Amino acid sequence: MTAPATQTHSLLERLGVPAEALRGGPLAVRSPIDGSALAQLPVHTADDVSRMVGEAQSAFLAWRSVPAPRRGELIRLLGEELRAEKEALGALVSLEAGKILTEGLGEVQEMIDICDFAVGLSRQLHGLTIASERPGHRMMESWHPLGVVGVISAFNFPAAVWSWNFALAIVCGDAVVWKPSEKTPLTALACQALFERAARRFGAQAPAGLSCVAIGLRDIGEAIVDDARVALLSATGSTRMGREVGPRVAQRFGRCLLELGGNNAVVVTPSADLDLAVRGILFAAAGTAGQRCTTTRRLIVHESVRETLVARLRKAYEKLPIGDPREPGTLVGPLIDRAAFEAMQSALGAAAQEGGKVHGGERALAEAWPDAYYVRPAIVEMPSQTATVRHETFAPILYVMGYERFEDAIAMHNDVPQGLSSAVFGNDLRETEQFLSAAGSDCGIANVNIGTSGAEIGGAFGGEKETGGGRESGSDAWRNYMRRATNTINYSRSLPLAQGVRFDV
Ligand code: NAD
């Protein structure tokens, strides 16, 4: 396999990121594949961020008056650029985030899908008409562009999360300032280069400043968070980050869209098709090396099938090919860095202390790549849902707990601080429908007979409780990026007041 740095540089050149942008700054970018250096990037300052937000604000003032279907045309062109460079951008995601190639390509496909969705949406940004109590009056809602949208994103979806926000924000008439994860800034530079290609083809109607990328650490995120000109802050990352960011944005009465950590569970009932369950759990728990917000981290299984299911999962786990994510046969790539590996080991240690029986979890391939962190995904049989289980560890650990009564399974399922994704496997309609009901799963995503991860863009994506409450992507998530005005129009010759109030002189 080609050295990651060599391959990265040629991909970036192809995608339109100049080589000089990759040298001479303090931010070291490494590939999790072998720990080698990919680039030394210059970082922005708080003053740079302020300037970018100013440019984005000016861009917004022009862009908001461009008709929405015309704004959709710009996103259609971005979708074309992404289609043309799907292979290159997908490979770059693999190199920088360590995902297996098919998932890197899947991430770019998701970007193409949201562009298509946003193009259609650009002709459907509709409000309601509402019956007025007054004769000769009409009420309606208008949706208007919001302003500058700040996007802060996590390392594990280095491109798709931006596109979910960006495609909708642009058709909604907003401008975007993006602060990508400091672990995956190269993918962000490539996305910006592809957008600039699309903007050049679109022509002068796309103002400069419509899309800005701010490279740096947490302090650069904070500069966006605290800027009162940022009308909506959309932040994806850990619950710790959301806890810091949420109150700061609220302090200045800004809007926040938070997409934070998950602690997703699969419930397997006695009527489940175990073949489906094994396949569904395997991808959702061990895929992406456990580094998806929707990764299955808890398995709540009926005691009557527990032993069989765990035995089958253990067998499947032993066969998982671990290695260079660019190799076609690999299913489990590396963890993002040493800190992720240490967090995993410490969670496994704590779970063992709490009575857990650990299978797997060891470091792999350390001799071949001493500076990279590959692990064998772990299954941990727990006596109960302990403090360690209730915490999100961003690594491939599947905690298994048994249950006797379905009501207890639902109670255990909901008894964690997070509320992102969930699934039940079963063919008993009473149980699966109960899981989806008001008294069932308390998550933003609840599935039947498929795993917790791998959402499509057509639905709204996000979760409750410590996951932050935000919704992105499909359904009516576009409303986050617009402001609503309620209009009352009087087409009569009199002026009746609402609620029968009289005010005659
Ligand atoms: P992280 O919280 O460490 O960092 C995320 C981003 O926030 C980075 O760009 C970082 O620089 C920035 N940041 C951190 N602290 C900040 C602060 N105080 N102010 C402003 N910006 C700040 O997360 P990570 O390790 O990159 O990603 C993993 C986490 O993200 C997991 O918890 C995962 O569940 C979550 N995640 C959630 C979703 C979702 O849609 N719910 C999607 C992907 C990842």
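Residues numbered from 1 in each chain as written. Predicted model: local features only at pLDDT ≥ 70, side-chain atom pairs only at ≥ 80, totals over all residues. Heavy atoms only, no water.

Draft legend 1. The arrangement of the domain arrangement of the protein in detail. The domain boundaries assigned to the protein delineate domain 1 (4-259 + 472-485) and domain 2 (264-448). The C-alpha-based centres of domain 1 and domain 2 are spaced at 31 Å. Each partner contributes residues to the interface: domain 1 has 19 residues there, and domain 2 has 22 residues. Between domain 1 and domain 2 the total buried area reaches about 1600 Å² when both faces are included, carbon and sulfur atoms providing 61% of it. Contact with domain 2 buries area across many residues of domain 1, yet Ile 33, Ile 100 and Glu 103 alone supply 32% of it, more than any other trio. Our enumeration of links across domain 1 and domain 2 arrives at two salt bridges. As a salt-bridge pair, Lys 183 and Asp 337 come within 3.5 Å of each other at their nearest N and O atoms. At the level of secondary structure, the elements contributing two or more residues to the side of domain 1 that touches domain 2 comprise α1 (4-15), α4 (86-97) and α5 (101-121). Residues of the side of domain 1 that touches domain 2, tallied by class, amount to nine nonpolar, five polar and five charged. (Domains from an automatic or database assignment. Contact = heavy atoms within 4.5 Å. Buried area = accessible area lost by both parts, 1.4 Å probe. Salt bridge = Lys/Arg side-chain N within 4 Å of Asp/Glu carboxyl O. Helix = DSSP H or I, 4+ residues; strand = E, 2+ residues; numbered from the N terminus. Nonpolar A, V, L, I, M, F, W, Y, C, P; charged D, E, K, R; others polar.)

Draft legend 2. Focus on the pattern of salt bridges. Per the stated rule, a full pass over the model turns up 30 salt bridges. In this structure, Arg 229 engages Asp 227 in a salt bridge whose closest nitrogen and oxygen atoms are separated by 2.8 Å. The class of Arg 229 is partly exposed, set by a relative accessible area of 33%. (Buried < 20%, exposed > 50% of the residue type's maximum accessible area, 1.4 Å probe, protein only.)

Draft legend 3. Seen up close, the nonpolar core. Grouped together as the largest cluster of nonpolar side chains are 157 residues, with contacts concentrated most on Leu 74, Leu 89, Val 268, Ile 281 and Leu 299. There are two domains that each give this core at least three residues, and those are domain 1 (4-259 + 472-485) and domain 2 (264-448). Among all residues touching Leu 299, those that are not within four sequence positions of it are Val 266, Val 268, Ile 281, Leu 309, Leu 313, Leu 398, Tyr 399, Val 400 and Met 401. (Core = buried A, V, L, I, M, F, W, Y, C linked by side-chain atoms within 4.5 Å.)

Draft legend 4. Looking closely at the sheet that holds strand β15 (residues 378-381). An order of β12-β15-β16-β11-β10-β18-β19 is seen for the seven strands of this open sheet, with the pairing classed as mixed. Each having just a single partner strand, β12 (357-359) and β19 (445-448) make up the two edges of the open sheet. Along the sheet, successive strands turn relative to each other by an average axial angle of 20°, direction set aside. The sheet contacts of helix α15 (residues 429-436) involve β10 (264-268), β18 (421-425) and β19, and relative to β19 the element is tilted by about 170°. (Pairing = 2+ DSSP bridges. Axes fitted to C-alpha atoms, helices over the stretch in contact; angles between N-to-C directions.)

Draft legend 5. Expanded view of the site of the ligand. In the vicinity of the ligand there are 28 residues, among which Glu 182, Ser 238, Glu 244, Leu 260 and Glu 392 approach most closely. Contact between the ligand and Gly 237: an oxygen atom at 3.3 Å from a main-chain N or O atom of the residue. Between an oxygen atom of the ligand and a side-chain N or O atom of Glu 392, the distance comes to 2.6 Å. In the complex, the protein chains occlude 93% of the 850 Å² of accessible area that the ligand would expose alone. For the shell around the ligand, the elements supplying multiple residues, two or more each, are α8 (218-225) and α9 (239-251). The element best represented in the shell around the ligand is α9, accounting for four residues. Classifying every residue of the shell around the ligand gives 11 nonpolar, nine polar and eight charged. Taken domain by domain, the shell around the ligand gets at least three of its residues from each of domain 1 (4-259 + 472-485) and domain 2 (264-448). (Near = heavy atom within 4 Å. Polar contact = N/O pair within 3.5 Å; in protein donor to acceptor, adjacent residues only side chain to side chain. Areas by Shrake-Rupley, 256 points an atom, 1.4 Å probe, with all protein chains shown as cover.)

Draft legend 6. Expanded view of the sheet that holds strand β4 (residues 137-145). Reading across the sheet, the three strands line up as β3-β4-β23 and stay open at both edges, with antiparallel pairing between neighbours. Edge positions in the sheet fall to β3 (129-130) and β23 (482-490), since each of these pairs with one other strand and no more. In terms of strand pairing, β3 meets β4 through two bridges, oriented antiparallel. Bridge pairing in β4 places Thr 129 opposite Met 140.

Draft legend 7. Geometry of the pairing of strand β1 (residues 27-30). Alternating residues of β1 divide into Leu 27 and Val 29, all buried, and Ala 28 and Arg 30, none buried. Of the pairings in the sheet, the one linking β1 to strand β2 (residues 37-41) comprises four bridges and is antiparallel in character. Bridge pairing in β2 links Leu 27 to Leu 41. Here β1 folds back onto β2, and the loop between the two strands holds six residues, one of which, Gly 35, carries a positive phi near 80°.

Draft legend 8. Representation of helix α12 (residues 338-353). Taking 1.5 Å of rise per residue, 16 residues should cover 22 Å, and α12 covers 23 Å from first to last C-alpha, within 8% of that figure. Looking only at α12, the buried set comprises Ala 340, Phe 341, Met 344, Ala 347, Leu 348 and Ala 351. Along the long axis of α12, the arc covered by the buried residues comes to 125°, so they all point the same way. Structural note: α12 exposes Ala 339, Ser 346 and Gln 353 on the side pointing more than 90 degrees away from its buried face. Those residues of α12 hidden inside the fold are in contact with β12, β13 (363-364), β14 (374-375), β15, α13 (387-390) and β16 (397-403). At the C-terminal side of α12, Gly 355 shows a positive phi close to 100°. (Expected span 1.5 Å × (residues − 1). Arc of directions from axis to C-beta.)

Draft legend 9. Broad picture of the environment of Leu 258. By secondary structure assignment, the location of Leu 258 is in strand β9 (residues 255-259). Take Leu 258: its relative accessible area is 12%, and that puts it in the buried class. Excluding residues that lie within four positions of it along the chain, Leu 258 makes contacts with Ala 235, Gly 242, Val 245, Gly 246, Thr 467, Gly 468, Gly 469 and Gly 470.

Draft legend 10. Structural detail: the state of the cysteines. One pass over the full model with this rule turns up zero disulfides. As a non-bridged cysteine, Cys 172 has Cys 115 as the owner of its nearest cysteine sulfur, 13 Å distant. On the accessibility criterion, Cys 172 (0% relative accessible area) is buried. Counting only cysteine sulfurs, Cys 191 is the nearest neighbor of Cys 212, a cysteine outside any disulfide, at a range of 15 Å. The exposure class of Cys 212 is buried, given its relative accessible area of 6%. (Disulfide = S-S within 2.5 Å.)

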